[in-house]
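# Reading the structure
Listed below are the residues making up each chain.
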Amino acid sequence: MTDPGELADAYDDLPETVSGLCEIVSGLIIHVALAERYGIPPDFPMIRQTQPVADRLKLILASFAGPLTVARPPRSRTFGTCRDYALLLCSMLRRRSIPARVRCGFATYIGDDIYHDHWICEYWTPGDRRWLQADAQLDALQIEQMQITFDSANLPRDAFLTASQAWRMARSNAVAAGAFGHGAATGLWFLHVNVYRDLLSLTNRQMSAWDSWREAAPASKVLKADALAELDRLADVVAAFEDGAEQFAVLDEAASRNLMPPWSR
C-alpha cells in the first residue's frame, strides 16, 4: 500500500523534515467529509475509497501537473480520508528508510466526538528511541478551524489513542465506551472494529475487510464473553509490543486468524 512504484522519483525534492512532509501531504488531498470547507460543491466527483500510494500519486499528478511541492488549488487536489494522508506520509518516510507505520485509533481534536475514529502515521526517532505520531491531514485551514495548538508532526501523547489504548481505557471504565466512535457508530463494538483494523495495519495490512463495518448486521454487533476476552488479550499484546516486547510474530498470527470480520464470513 505504501510503495510509490514507478513514481518514486516524485519524492526526490521533498522537504527534509517531518513537519515539511506533513505540509506537503496536507496540500495534496482533501478529506471528502471536509470538502465543502474548501469550496468544493457536494455534487463534485470525489472518490472516498482508500487507494495504494502508487495509484494515489498517479491521480495527484493527473489532477495537477508539476512537482508535489507546488501548491494546488482545492479542485486540483485528490480526495480521500484520514487514512490516505497517513499512508502517503508513511510512504515518504519509508522511502527515506525511516521506520514508519500507519495506526488506527481515535483523535481527541476532530469533530464533536470526544474520541473520533481516525488514522495517523507513526515514525521512529533514533535519538529519542521512540515512536512519534504525525497527522498529515491537518493543514492551515483545519488547524485554524479546529484551534489546533500542537505540532501536527509530533502529536501530544493524549491527542491520539491507538485502538488498543482506547479499548483498555473503555474496559477499565476510565472512559465510557460510548465516547469512542464514528458518527452514530460508537461503543465497544466500534472499538473492537478499530482494534482489529489497527492490528492488521501493524502487520502491514493497512486495508482489510474490517473496513466494511458499515455493512454489519445488528446481530453481528453483539460481543460475547469469549470475544471480549480475546480483545482484552490482543490489546495487552499490542501494548507489550509498543513497549518493546518481541511480540510481532504473535500479532501477525492473530492478524492472520482475523482477516475476515464476522459479518463477512
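Above this text sits the structure in question.
Residues numbered from 1 in each chain as written. Predicted model: local features only at pLDDT ≥ 70, side-chain atom pairs only at ≥ 80, totals over all residues. Heavy atoms only, no water.

## Describing the packing of aromatic side chains
The geometry of two aromatic rings is summed up by the distance between their centres and the angle between their planes. For clarity, the cut-off: Here the aromatic set is Phe, Tyr and Trp, taking the six-membered ring for Trp, and pairing holds for ring centres within 6.5 Å; pairs whose planes are under 30 degrees apart are stacked, those over 60 apart are edge-to-face, and all others are tilted. A run of DSSP states H or I qualifies as a helix once it reaches four residues; a run of E qualifies as a strand once it reaches two. Both are numbered from the N-terminal end. A positively charged side chain is recorded as over a ring if its NZ (Lys) or CZ (Arg) lies within 6 Å of the ring centre. The angle to the ring normal must also be within 35 degrees.
Counted under the stated rule, the structure contains 11 aromatic pairs. Pairing F106 with F180 gives two aromatic rings, centres 5.3 Å apart and planes at 70 degrees, and the pair type is edge-to-face. Here F106, found in strand β3 (residues 100-107), pairs with F180, found in strand β7 (residues 180-182); they are 74 residues apart in sequence, far enough to count as distant. Three or more aromatic residues joined by ring pairs form one cluster here, namely F106, Y115, F180, F190 and W213. The aromatic ring of W119 is capped on one face by R83, whose charged end is 4.4 Å from the ring centroid.

## Description of the environment of P218
Applicable threshold: Only protein chains enter the accessibility calculation, which uses a 1.4 Å probe. A residue is then buried if its area is under 20% of the maximum for its type, exposed if over 50%, and partly exposed in between.
Within the fold, P218 resides in the loop between α6 (188-202) and α7 (225-242). Under the relative-accessibility criterion, P218 is labelled exposed at 68%. In the structure, P218 is positioned 45 residues away from W263 in sequence and 9.6 Å away in space, judged by C-alpha atoms.

## Considering the pairing of strand β4 (residues 115-125)
Note the cut-off: Any two strands with at least two DSSP-identified bridges between them are counted as paired.
The buried fraction of β4 amounts to 10 of the 11 residues, a majority that puts the element mostly inside the structure. As paired elements, β3 and β4 share 8 bridges and run antiparallel to each other. Bridge pairing links A100 to Y123 in β4. For β4 and β7, the ladder comprises 2 bridges, and the chain directions are parallel. What sits directly across from Y115, in β7, is F180. In this sheet, strand β5 (residues 130-134) lies alongside β4 in antiparallel orientation, the contact comprising 5 bridges.

## A few points about the packing of helix α5 (residues 163-171) against α6
Spelled out, the test is: Axis definition: a line fitted to C-alpha atoms, over the contacting stretch in the case of helices. Angles run 0 to 180 degrees between N-to-C directions. Between 65 and 115 degrees an angle is taken as roughly perpendicular, under 35 as roughly parallel, over 145 as roughly antiparallel, and anywhere else as oblique. Less than a right angle of anticlockwise turn of the near helix away from the far helix marks a crossing as left-handed, whereas a clockwise turn marks it as right-handed. By definition, residues are in contact when any of their heavy atoms lie within 4.5 Å.
Packing of α5 against α6 leaves a shortest axis separation of 8 Å and a crossing angle of 150 degrees. It follows that α5 is roughly antiparallel to α6 by the angle criterion. Handedness of the crossing formed by α5 with α6: left-handed. Residues A163, S164, A166, W167, A170 and R171 of α5 touch α6, and the partners they reach there are L188, L191, H192, N194, V195 and D198.

## What to know about the pattern of salt bridges
Inclusion rule: Criterion for a salt bridge: a side-chain nitrogen of Lys or Arg within 4 Å of a carboxyl oxygen of Asp or Glu.
Summed over the entire model, instances satisfying the criterion amount to 14 salt bridges. Note that R103 is salt-bridged to E242, the shortest N-O span being 2.8 Å. Of this pair, R103 sits in strand β3 while E242 sits in helix α7, placing them 139 residues apart in sequence. For R103, a relative accessible area of 0% gives the class buried. Residue E242 is classed as partly exposed on the basis of its relative accessible area, which comes to 26%.

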